[in-house]
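Next come the chains, spelled out residue by residue.
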Amino acid sequence: MSQGKIIKVSGPLVVADGLSDANMADVVRVGEQRLIGEILNMTGDRASIQVYEETSGLGPGAAVETTGAPLSVELGPGIIENIYDGIQRPLEEIVRMTGPNLQRGVEVPALSREKKWAYTPVAKMGDRVIGGDILGTVPETEVVLHKIMVPNGVSGVVEWAIEAGDYIVDEVVAKVKTDKGETLPLTMVQKWPVRVGRPYKKKHNPVAPLQSGQRIIDTMFPIAKGGTAAVPGPFGSGKTVVQHQLAKWSDVDIVVYVGCGERGNEMTDVLREFPELVDPRTGESLMKRTVLIANTSDMPVAAREASVYTGITIAEYFRDMGYAVAVIADSTSRWAEALREMSGRLEEMPGEEGYPAYLASRLAQFYERAGVVQCMGSEERTGSLTAVGAVSPPGGDLSEPVSQGTMRIVKVFWSLDASLAYRRHFPAINWLNSYSLYLDTMKPWFDEHFGPAFMLNRNKAMSILQEENELNEIVQLVGKDSLSANDQLTLETAKMVREDFLQQNAFMDVDSYSSHDRQMRLLALILDYDKLAREALAKGAALQPMFEIPAKEKIGRAKFVEADQYQAAYAEIASEMEQEIAAIVEKAGADV
Amino acid sequence: MMKEYRTIYEVSGPLMVVEEVEGVTYDELAEIELPDGSVRRCKVLEVNGDKAVVQLFESSAGINLKDSKIRFLGHPLQLAVSGDMLGRVFNGMGQPIDGGPEILPEKYLDINGLPMNPAARDYPNEFIQTGVSTIDGLNTLVRGQKLPIFSGSGLPHAQLAAQIARQAKVLGGESNFAVVFAAIGITFEEAEYFVNEFKRTGAIDRTVLFTNLANDPAVERISTPRMALTAAEYLAFEKDMHVLVILTDITNYAEALREVSAARKEVPGRRGYPGYLYTDLATMYERAGRKLNHPGSITMIPILTMPEDDKTHPIPDLTGYITEGQIILSRDLYRKGILPPVDVLPSLSRLKDKGIGVGKTREDHASTMNQLFAAYASGKEAKELMTILGEAALSPTDLLYAKFADEFEKRYVSQGQEENRDIEETLDLGWELLKILPRSELKRIKQDMIDKYLPQEE
């Protein structure tokens, strides 16, 4: 391998010459400590390198060596339940090696080379296999069956397959005689460059919803499995809680959570809390399906740039096994800032607000790696990759480049609102500014699985909220009393939708997750109240007594009913409500 | 013998270019010796071939290009640490200025520290009682948290910080407590106020002070908070102490950073601040926290004055994205004579949920907190409506909310600088105020809690 020498150091950017053999985007080792870097630019034999570790102490003359390969991740059993830094170094392993603070130049394999996995072969001797076919399986955790796939680009006949048993990841588990006549030994590990999307046979339109147990998301602005969503919001509006809730309760098989330039304690929170939470679908701990990528804000900025790619490549790998995967990135703004910092040091011509001109295309490339795909391999498998990114606009101003670049691509937009957060309306997703473009494509699915009432009720609730917004403008001018009884009822119903339905307390056990059936019943209850009260008004009943019926207060507390009793409880509220309103109507009739 | 260079080619503002250097590395510390024998310190910002760009920590006045000598010391800027630092006063570069003896260093630590491995962090969840209702009840502080105070010029942030430092305690726990205080570009009077406060309460013996006053060199401010945090890390993680770090004022720090960035002719981000302001602030703020298997902790209260009280200004904005919440002071409340003038609604503690509840404060804490927030927000809305349309336009419930908002400010927020309320008192006061509202409005509290805690009508 060719060896170069440093000629310039400026923060995370190092320029070295004598690297004529190196390729663009190669990973290089810099200096005595063998810091990891990546080539960004080549001019003659001179390379500009972004170094993924602190460069303090590096100076001209130090050696630079190319590894001849681009930045890649190791894919194989051992990824789940792990916490990695931005370039896939296992952080817990590093704690054991170097203590609680991150030292430089640490070399650790991403996957444990000691742990043995229970491997069961699937492909048999003599089978013809192509890239994506399954060689064997490993139960990686109680809920994830890791499928060891033939690496992409390999095709041939299985010459030899190992027997079922416990092996380390480097053990050769099969030998494939390729079409060219070579014999390829295959292990449980494959490598893939992070900046290249993993191939698939065909992409499909996302049609099925991802259910998150969050009422405002599932009912109002649903996201499809394989879709893309952005969560923008100023600080303190609850972005991270929304992202954590999605990571906790989404009905997907694998969650990859990328903490990109965010707080260290938030990653710790996930790390300590998830193992104790129980997945309502599998009954196992949530950590058993989660991968964490943590490149917190105090960790080197260049590795932050790589972390979202590391995350999405791991997600694609599990998608290729035919799983539904969600990758959640918090926050893409920090990733963009890392891009900006490197671009500035490279002295590139800046675009808007100092961000490089290629910001929007990089964002688009990232989100476009999501989707529902037909996986590689001869077997028919469909996998999906859902991408959700937080955006942290400076000052909450959505006109800045990262928000704008994101909004052009994503199909679902959950706009967080500081004024809602101040009122402690959580999740502080603004119902008027948010949108989901999947409503039309998912309507057939909803109609088939939940019945047509679901979409009707959803649209009804939305129109009540919209109407409230218009009525509020009038109230601001002339006061509530000047409104007609019907309009006052609309305001009251809208308040119930907001407070009793949309508000959801992530920190209360019974309210943190709401099943779809429960969401539908709760919304139906509120809309029934509106319908009954409106009918009563038409029959001459007074408005105020209807605001004071006990059943209405019970609706307000309906979300706190324990998960195993809600059906009965809601039915009871419904019948009480009918009786109480009927009594008011009767009284009105008697008074006349 | 260390090599000395007389090849300073350029001095402009805080930056110098030195030529024909050899073996110089990035981030290395250097010393310049002036013809009169005085020595100033600087660090390497960039090396390019045989040229080094060096940033001075002190003023560049008096540097002579021909006769000044520069020595590169081969290590980054370090702080000499020892347990004897407690009770001492240092300047912004870590040298004692209280007339006492030199510190006998136990070791020298790089002031940039090393990032904490997120897998080695312990989640902060130990309730700290500050005795201030708006913090304890609504924006609870926990050990290892970084909770800034967003203030404005002329607001009593120093008093609030001093009150917290004075009253803070962990319920039912022993306390091996220390305060590290960094004055970054503040006036003598403000720094003196803190010193006197620490003296008055006797905390001065457990305090380490780093002072860079307004008339000290601005570039020195870049290292002052890092000096303080290095001392704090040493006390917390090597001496097992619970350290409260107060940094004031971060706005001055960011301005010093901007000065250096402008001198380097970097592409500016918003309002002329460098694009890496977020990362730079994060490398300081993230040094707060707890580590697994370490008894010590660093709790950080940075103070910043928001230019024009504008929360969207880059300094408060980026700080808010890194820290675990913020306490915002309000000019309106201060004018009304409410002390401390904490603007309750936009203030937030992100770690509160882990620090409250059964076994930490009380079971009703979480839900009353939410209810108080929501009721105060509705009350303020009702009051706004009342100013436009008059009292007659409000429904009876809205009137109650308006009354609640007034009482809440008067009794809950306002408590003065000396009152130290314990958490039970704060929670009971909350219930007392909630009594103003009809029971049916208390939707955020479970029925059984209401039955148990809501004061009965006489």
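The structure under discussion appears in the preceding block.
A brief structural summary. Just so you know, these numbers come straight off a predicted model, no measurement behind them. (Residues numbered from 1 in each chain as written. Chains lettered and ligands numbered in written order. Predicted model: local features only at pLDDT ≥ 70, side-chain atom pairs only at ≥ 80, totals over all residues. Heavy atoms only, no water.)

The helix and strand tally for chain A stands at 17 helices and 28 strands. Here the C-alpha radius of gyration of chain A, 28 Å, is about what a compact globule of 592 residues would show, namely 25 Å. Projecting the C-alpha coordinates of chain A onto the three principal axes gives extents of approximately 100 × 55 × 40 Å. Residue pairs in contact within chain A that sit at least 24 positions apart in sequence constitute 69% of those at least 6 positions apart. In the structure as shown, chain A presents an accessible area of about 21,700 Å², 51% of it carried by carbon and sulfur atoms. Taking the 60 positively charged and 82 negatively charged side chains of chain A as two groups, their mean positions are separated by 2 Å. (Helix = DSSP H or I, 4+ residues; strand = E, 2+ residues; numbered from the N terminus. Rg over C-alpha atoms; globule rule 2.2 N^0.38 Å. Contact = heavy atoms within 4.5 Å. Areas by Shrake-Rupley, 256 points an atom, 1.4 Å probe, with all protein chains shown as cover. Lys, Arg positive; Asp, Glu negative; His and termini not counted. Charge placed at Lys NZ, Arg CZ, Asp CG, Glu CD.)

Residues and elements named next belong to chain B. Evaluated as defined, the whole model comprises 24 aromatic pairs over all chains. A centroid spacing of 5.8 Å and a plane angle of 70° characterise the contact between Y5 and F72, whose relative ring orientation is edge-to-face. Of this pair, Y5 sits in strand β1 (residues 4-5) while F72 sits in strand β7 (residues 69-72), placing them 67 residues apart in sequence. The pair Y5 / F72 is uniform in exposure class, with both members buried. (Phe/Tyr/Trp six-rings, centres within 6.5 Å; stacked < 30°, edge-to-face > 60°. Buried < 20%, exposed > 50% of the residue type's maximum accessible area, 1.4 Å probe, protein only.)

If you walk through the whole model with that rule in mind, you get 10 cavities of 30 Å³ or more. Here the largest cavity defines a volume of roughly 190 Å³. A:E337, A:R340, A:P394, B:R270 and B:L318 are, among the 19 residues lining the largest cavity, the residues nearest its centre. Every element with two or more residues in the lining of the largest cavity is listed here: α6 (332-345) of chain A together with α6 (277-285) and α7 (314-322) of chain B. The dominant element in the lining of the largest cavity, judged by the number of residues it contributes, is α7(B), at 4 residues. Class assignment for the residues of the lining of the largest cavity results in 10 nonpolar, 3 polar and 6 charged. (1 Å grid on protein atoms, 1.4 Å probe; cavity = no way out; pocket = protein on both sides within 12 Å on 5 of 7 lines; lining within 4 Å. Points joined across faces, edges and corners; volume = space filled by probe spheres on them. Nonpolar A, V, L, I, M, F, W, Y, C, P; charged D, E, K, R; others polar.)

Attention shifts here to the pattern of salt bridges. Counting across every chain of the model gives 77 salt bridges over all chains. Measuring nitrogen to oxygen at the nearest pair gives 3.6 Å for the salt bridge that ties B:E46 to A:K8. Residue B:E46 is found in strand β5 (residues 39-48), and its partner A:K8 is found in strand β1 (residues 3-10); the two belong to separate chains. One exposure class covers both B:E46 and A:K8, and it is buried. Close ionic contact of A:E81 with A:K288 constitutes a salt bridge, the shortest N to O distance being 3.8 Å. In this pair, A:E81 is assigned in the loop between β7 (72-75) and β8 (83-84) and A:K288 in the loop between α4 (264-273) and β23 (290-295), connecting sequence segments 207 residues apart. Taken together, the salt bridges that share partners define one network made up of A:E262, A:R263, A:E266, A:R334 and A:E337. (Salt bridge = Lys/Arg side-chain N within 4 Å of Asp/Glu carboxyl O.)

What follows deals with the interface of chain B and chain A. On the side of chain A, 78 residues touch chain B, which itself brings 78 residues to the contact. Around 6,400 Å² of area is buried between chain B and chain A when both sides are counted, 51% of it from carbon and sulfur atoms. Interface area lost by chain B to chain A is led by B:Y26, B:Y321 and B:K443, which between them contribute 13%. For the interface between chain B and chain A, the tally reads 6 salt bridges. Among the salt bridges present, the one from B:K443 reaches A:E499, with a minimum N-O distance of 3.6 Å. Counting the contacts that link chain B with chain A gives 38 residue pairs in polar contact (both at pLDDT 80 or more). Breaking the side of chain B that touches chain A down by element, the ones donating at least two residues are β5, β11 (121-122), α6, α7, α9 (352-355), α10 (365-389) and α13 (447-453) of chain B. Of all the elements, α10(B) adds the most residues to the side of chain B that touches chain A, at 8 residues. Classifying every residue of the side of chain B that touches chain A by side-chain character gives 38 nonpolar, 18 polar and 22 charged. (Buried area = accessible area lost by both parts, 1.4 Å probe. Polar contact = N/O pair within 3.5 Å; in protein donor to acceptor, adjacent residues only side chain to side chain.)

Attention shifts here to the nonpolar core. All names here are of chain A. The biggest cluster of nonpolar side chains holds 89 residues, and the ones touching the most others in it are M220, W414, Y529 and M546. When residues no more than four places from it in sequence are discounted, the contact partners of M546 are Y529, A533, A536, L537, A541, K552, I581 and I584. The next biggest cluster of nonpolar side chains, apart from the first, holds 74 residues, and it includes V27, Y84, V150 and Y367. (Core = buried A, V, L, I, M, F, W, Y, C linked by side-chain atoms within 4.5 Å.)

Residue and element names in this part refer to chain B. Within the open sheet, the 3 strands sit side by side as β13-β12-β15. Their pairing is antiparallel. The sheet is open, and its two edges are formed by β13 (141-142) and β15 (169-170), each paired on a single side. As paired elements, strand β12 (residues 127-129) and β13 share 2 bridges and run antiparallel to each other. Bridge pairing links F127 to V142 in β13. (Pairing = 2+ DSSP bridges.)

With that settled, consider unusual backbone geometry. A:P427 follows A:F426 through a cis peptide bond whose omega is -10°. Geometrically, the link from B:T248 to B:D249 is a cis peptide bond, its omega value of 15° lying close to zero. For B:D249, the location among the structural elements is in the loop between β18 (242-248) and α5 (250-263). For B:N293, which is not a glycine, the phi torsion comes out positive at approximately 65°.

This paragraph deals with the packing of helix α12 (residues 485-502) of chain A against helix α14 (residues 516-538) of chain A. Residue and element names in this part refer to chain A. One can describe the packing of α12 onto α14 by two numbers: an axis separation of 10 Å at closest approach and a directional angle of 165°. Between α12 and α14, the angle is such that the two are roughly antiparallel. Classified by chirality, the crossing of α14 by α12 is right-handed. Between α12 and α14, the contacting residues are A485, N486, L489, T490, T493, M496, V497, D500 and F501 on the first element and Q519, L522, L523, I526, Y529, D530, A533, R534 and L537 on the second. Grouping the constituent residues of the contact of α12 with α14 by class yields 11 nonpolar, 4 polar and 3 charged. (Axes fitted to C-alpha atoms, helices over the stretch in contact; angles between N-to-C directions. Parallel < 35°, antiparallel > 145°, perpendicular 65-115°, else oblique. Left-handed = near helix turned anticlockwise from the far one by under 90°.)

All names here are of chain B. Along the chain, the position of E363 falls in the loop between α9 and α10. Relative accessible area serves as the criterion here: at 31%, E363 is assigned to the partly exposed category. Contacts of E363, omitting those with residues within four sequence positions, involve G357, V358, M449, K452 and Y453. A distance of 2.5 Å separates a polar atom in the side chain of E363 from a polar atom in the side chain of K452.

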